[in-house]
Amino acid sequence: MFDAFWQGYCYWLMAALADSPHEAAKYVGLYKTFQATGGAVAWRINALKYKPLTQLTINWVLLGASLVIAIPAVLAIKPSPISGELEDAGSLARDGRTPSN
C-alpha cells in the first residue's frame with residue numbers, strides 16, 4: 001500500500017512538472033530506469049547476505065539522499081493555469097452567470 005502511494009505521488013509529480021506528453025514520457029522513462037536500478041541493487045544487497053540492519057540503513061540513506069533532490073523539485077511546481085480557469089468557471093456557474101456575462 002505504501003509503495004502504491006509513493007508511485008502515485010511520483011507519477012503526479014512528473015505530470016505536474018511536464019509541459020507536454022513528450023516531456024512526461026521522458027520523466028517516466030527516467031523514473032522507471034531508477035526504479036529498475038533500485039530493484040537490482042536491492043536484489044544484490046540481499047544476495048550478498050547483508051545483515052537486515054545494514055539493509056535498513058542503506059534504505060534510509062538512499063531515501064534521505066533522494067529527498068534532497070525531490071524537495072526542490074516539489075517546491076518548483078507552480079499552480080496550473082488551467083485549474084484557475086476551472087475554478088473561475090465554477091464560481092460563475094454557482095452565481096448563475098456564464099463566462100460571456
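Draft legend 1. Looking closely at the overall build of the protein. Along the protein, the regular secondary structure elements total four helices and zero strands. N-terminal to C-terminal, the α/β element order of the protein is α-α-α-α. A buried classification covers 7% of the 101 residues belonging to the protein. Of the roughly 8300 Å² of accessible surface on the protein, 70% is carried by carbon and sulfur atoms.

Draft legend 2. Broad picture of the layout of surface pockets. Volume-wise, the largest pocket comes out at about 1700 Å³. Together, 36 residues line the largest pocket, and C10, Y31, F34, L62 and S66 are the ones closest to its centre. Broken down by secondary-structure element, the contributors of at least two residues to the lining of the largest pocket are α1 (2-17), α2 (21-47) and α3 (52-75). Here the lining of the largest pocket gets 15 residues from one element, more than from any other, and that element is α3. Its residues placed into classes, the lining of the largest pocket shows 26 nonpolar, nine polar and one charged.

Draft legend 3. Representation of α2 in the model. Taking 1.5 Å per residue as the helical rise, α2 with its 27 residues ought to reach 39 Å, and the 39 Å between its terminal C-alpha atoms agrees with that figure. With its phi angle positive at about 60 degrees, K49 sits one or two positions after the end of α2.

Draft legend 4. Region of the structure containing unusual backbone geometry. Of note in the backbone geometry, K49 takes a positive phi value of approximately 60 degrees without being a glycine. Along the polypeptide, K49 turns up in the loop between α2 and α3. Take K49: its relative accessible area is 71%, and that puts it in the exposed class.

Draft legend 5. Representation of the environment of I77 within the structure. By the element assignment, I77 lies in the loop between α3 and α4 (81-94). Separated by 60 residues in sequence, I77 and L17 place their C-alpha atoms 6.4 Å apart. When neighbours within four sequence positions are excluded, I77 is seen to be in contact with W12, L13, A16 and L17.

Draft legend 6. Focus on the packing of aromatic side chains. On inspection of all chains with the given rule, the structure shows six aromatic pairs. Note on F5 and W6: the rings are 5.6 Å apart at their centroids and 70 degrees apart in plane angle, and the pair reads as edge-to-face. Consider the rings of Y11 and Y31, whose centres lie 5.3 Å apart with planes at 70 degrees: the pair is edge-to-face. Here Y11 is found in helix α1, whereas its partner Y31 is found in helix α2, with 20 residues between them in sequence. For Y31, a relative accessible area of 16% corresponds to the buried category.

Conventions we followed
Residues numbered from 1 in each chain as written. Predicted model: local features only at pLDDT ≥ 70, side-chain atom pairs only at ≥ 80, totals over all residues. Heavy atoms only, no water. Helix = DSSP H or I, 4+ residues; strand = E, 2+ residues; numbered from the N terminus. Buried < 20%, exposed > 50% of the residue type's maximum accessible area, 1.4 Å probe, protein only. Areas by Shrake-Rupley, 256 points an atom, 1.4 Å probe, with all protein chains shown as cover. 1 Å grid on protein atoms, 1.4 Å probe; cavity = no way out; pocket = protein on both sides within 12 Å on 5 of 7 lines; lining within 4 Å. Points joined across faces, edges and corners; volume = space filled by probe spheres on them. Nonpolar A, V, L, I, M, F, W, Y, C, P; charged D, E, K, R; others polar. Expected span 1.5 Å × (residues − 1). Contact = heavy atoms within 4.5 Å. Phe/Tyr/Trp six-rings, centres within 6.5 Å; stacked < 30°, edge-to-face > 60°.

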